[in-house]
Amino acid sequence: MPFGKDLAPSMLHRHSAHAQAVARITWCIGERALGVITGEVGAGKTVAVRASLAQLDHPRHKVIYLANPAVGVAGVHHAIVTSLGGVPPPHKSTRRAELSLPSIPRSPARQMKPPAP
C-alpha cells in the first residue's frame, strides 16, 4: 500500500475538486448544516473530510461518524443523540405499539378436570 492513513492532510496533493469538497464541508460546518458526501471509490472523500476536520477547533466540535447510514432516520437520530451523551426517546412507532397493546387480565390457573368415564 503506497499511502497509509497516518499521512497529514497537508501532505496530500490538492486539486480543484479536492479544494471544492473541502470548501463545501467547511461551509456545512460553519452553517451547522448536515452534509452528505458521496463519490466513487478512491475519489478522495475521506481525504477531503480529514482535511476539513484538521481545520477545526476540536474542543468546540464533536465529530460523529456513521459507518452505516442505511439505519434510517431513527437510527441516525439515535447515533447522534447517543454520541452527544444523551438518551434518545423510544421511536414513535415503538411507543404507539406499546400503548396500543391491550392489557390482558391474569386469571387464576384452571384446574384440569379428569375426563368423564
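Now for a quick tour of the structure.

Cut-offs and rules
Residues numbered from 1 in each chain as written. Predicted model: local features only at pLDDT ≥ 70, side-chain atom pairs only at ≥ 80, totals over all residues. Heavy atoms only, no water. Helix = DSSP H or I, 4+ residues; strand = E, 2+ residues; numbered from the N terminus. Buried < 20%, exposed > 50% of the residue type's maximum accessible area, 1.4 Å probe, protein only. Contact = heavy atoms within 4.5 Å. Areas by Shrake-Rupley, 256 points an atom, 1.4 Å probe, with all protein chains shown as cover. Expected span 1.5 Å × (residues − 1). Arc of directions from axis to C-beta. Axes fitted to C-alpha atoms, helices over the stretch in contact; angles between N-to-C directions. Parallel < 35°, antiparallel > 145°, perpendicular 65-115°, else oblique. Left-handed = near helix turned anticlockwise from the far one by under 90°. Nonpolar A, V, L, I, M, F, W, Y, C, P; charged D, E, K, R; others polar.

**Here we look at the overall build of the chain**
Okay, step 1: Scanning the chain from N- to C-terminus turns up four helices and zero strands.
Okay, step 2: Reading the helices (α) and strands (β) of the chain from amino to carboxyl end gives α-α-α-α.
Okay, step 3: Here the chain holds 117 residues, and 9% of them are scored as buried.
Okay, step 4: If you take every contact in the chain between residues at least 6 apart in sequence, the share linking residues at least 24 apart comes to 44%.
Okay, step 5: With an accessible surface of roughly 10,500 Å², the chain has 61% of that area assigned to carbon and sulfur atoms.

**A few points about helix α3 (residues 72-83)**
Okay, step 1: Compared with the 16 Å implied by 1.5 Å per residue over 12 residues, the 17 Å span of α3 between its first and last C-alpha is a close match.
Okay, step 2: Trailing α3 by a residue or two, glycine 85 shows a phi angle of about 90°, which is positive.

**What to know about helix α2 (residues 45-54)**
Okay, step 1: Those residues of α2 lying buried are Ala48, Ala51 and Ser52. Along the axis of α2, the buried residues cluster in a sector spanning 100°; they form a single face. Among the exposed residues of α2, those pointing more than 90 degrees away from its buried face are Thr46 and Ala54.
Okay, step 2: Against the buried residues of α2 lie α1 (16-31).

**Some remarks on the packing of α1 against α2**
Okay, step 1: Here α1 crosses α2 at 50°, and the two axes come no closer than 9 Å. Taken together, α1 and α2 sit at an angle that is classed as oblique. Like other packed secondary-structure pairs, α1 and α2 cross with a definite hand, here right-handed. Residues His18, Ala21, Val22, Ile25 and Thr26 of α1 pack against Val47, Ala48, Val49, Ala51 and Ser52 of α2.
Okay, step 2: When grouped by side-chain class, the residues that make up the contact of α1 with α2 number seven nonpolar, three polar and no charged.

**Description of the environment of lysine 62**
Okay, step 1: Mapping lysine 62 onto the fold places it in the loop between α2 and α3.
Okay, step 2: Along the backbone, lysine 62 and serine 83 are 21 residues apart, and their C-alpha atoms lie at a distance of 8.5 Å.
Okay, step 3: Excluding residues that lie within four positions of it along the chain, lysine 62 makes contacts with Ser83 and Leu84.

**Observations regarding the side chain of serine 52**
Okay, step 1: Mapped onto the secondary structure, serine 52 falls in helix α2.
Okay, step 2: On the basis of relative accessible area, serine 52 is assigned to the buried category, the value being 1%.
Okay, step 3: Once residues lying within four places of it in the same chain are set aside, the contact partners of serine 52 are Val22, Ile25 and Thr26.

**A closer look at the environment of arginine 24**
Okay, step 1: Counting through the fold element by element, arginine 24 comes out in helix α1.
Okay, step 2: For the pair arginine 24 and serine 52, spaced 28 residues apart in sequence, the C-alpha to C-alpha distance is 9.3 Å.

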